[in-house]
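Coordinates in review
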Amino acid sequence: MRLIAAGAGPPQSYYRVGVEIRLDPGALTYWRMPGGAGVPPVFSTEGSANASAIAVFYPAPTRIDEDGTEAFGYRDRVIFPVRVTPGDGARPVLLVLNVSYAVCSRICVPAKAEARLTLLPAPETGTASSEAAAIAAAEAAVPLRLTPEQRDAKVAITRDETAPTPTWRLTLRGGGAQDLFAEAPPGWYFETRKSGRPDEFLIVEVEKPRTGSRAPVPVILTLRNERQSYEFAVDLDGASVP
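Note that the structure is a prediction, hence the values are computed from the model and not measured. (Residues numbered from 1 in each chain as written. Predicted model: local features only at pLDDT ≥ 70, side-chain atom pairs only at ≥ 80, totals over all residues. Heavy atoms only, no water.)

Some words on the state of the cysteines
All chains considered together, the criterion is met by one disulfide. For Cys104, the disulfide goes to Cys108, at an S-S distance of 1.9 Å. Where Cys104 bonds to Cys108 through sulfur, the torsion about that S-S bond is close to 115°, and the disulfide is right-handed. Given a relative accessible area of 2%, Cys104 falls into the buried group. (Disulfide = S-S within 2.5 Å. Buried < 20%, exposed > 50% of the residue type's maximum accessible area, 1.4 Å probe, protein only.)

Structure below.
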């Protein structure tokens, strides 16, 4: 693991950084929602100096068959974009990053890494570096967060009343859909898969708490798209449409 920087300059008020993790060929590490099994990465910036805000972003994951279990994550190499806002823009920022994550190949092992990077306030000049290009590519892979109005303009979600278990159909308007991932509250798990129709996915309730609650379930859906991926919130209600 290492930290790379794209540099910061006007009109930006923050630094663009990347957490680059390189894996052995074929090995994988996990997204923030690892799937049926796995461990999500944990980022800590304790010890950083002159940073008023530090935000880590996740590129859209891929679906990986891990010995019969579906995992959501990344193979070979991943860059997590980081946005660092300085407290005092005239002074350098010291970014300290500790990452705990899992690496799986034939076996899964825990991994920890620490890196430090000093970000200088002077803007960089000249041609863009390879690090800047890599961070830009990782930023482009981060899903765009949609408002409810934007969500409703891009996707349609309907309850499948004929399914034996609670199931919803999601269709992307405009095409290009590649995969869908669901993040639910503790105790809930929703399986997602292609329906067989173009740009349509099934969302199937697999696990739920034994509370007997009939309240709608808040779920974050990440739709991987060949052009621009999207992330949006929905309430999955067994008796209504989100």
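A look at unusual backbone geometry
The backbone of Asp76 sits at a positive phi, close to 70°, despite the residue not being glycine. Tracing the backbone shows Asp76 in the loop between strand S7 (69-75) and strand S8 (77-86). Since its relative accessible area comes to 38%, Asp76 is described here as partly exposed. (Helix = DSSP H or I, 4+ residues; strand = E, 2+ residues; numbered from the N terminus.)

Focus: the sheet that holds strand S14 (residues 177-183)
The four strands are arranged S11-S18-S17-S14 in an open sheet whose pairing can be described as mixed. Each edge of the open sheet carries a strand with a single partner, namely strand S11 (144-145) and S14. Across seven bridges, strand S17 (residues 217-225) lies against strand S18 (residues 230-236) in antiparallel orientation. Among the inter-strand pairings, Leu221 is bridged to a residue of S18, identified as Phe232. (Pairing = 2+ DSSP bridges.)

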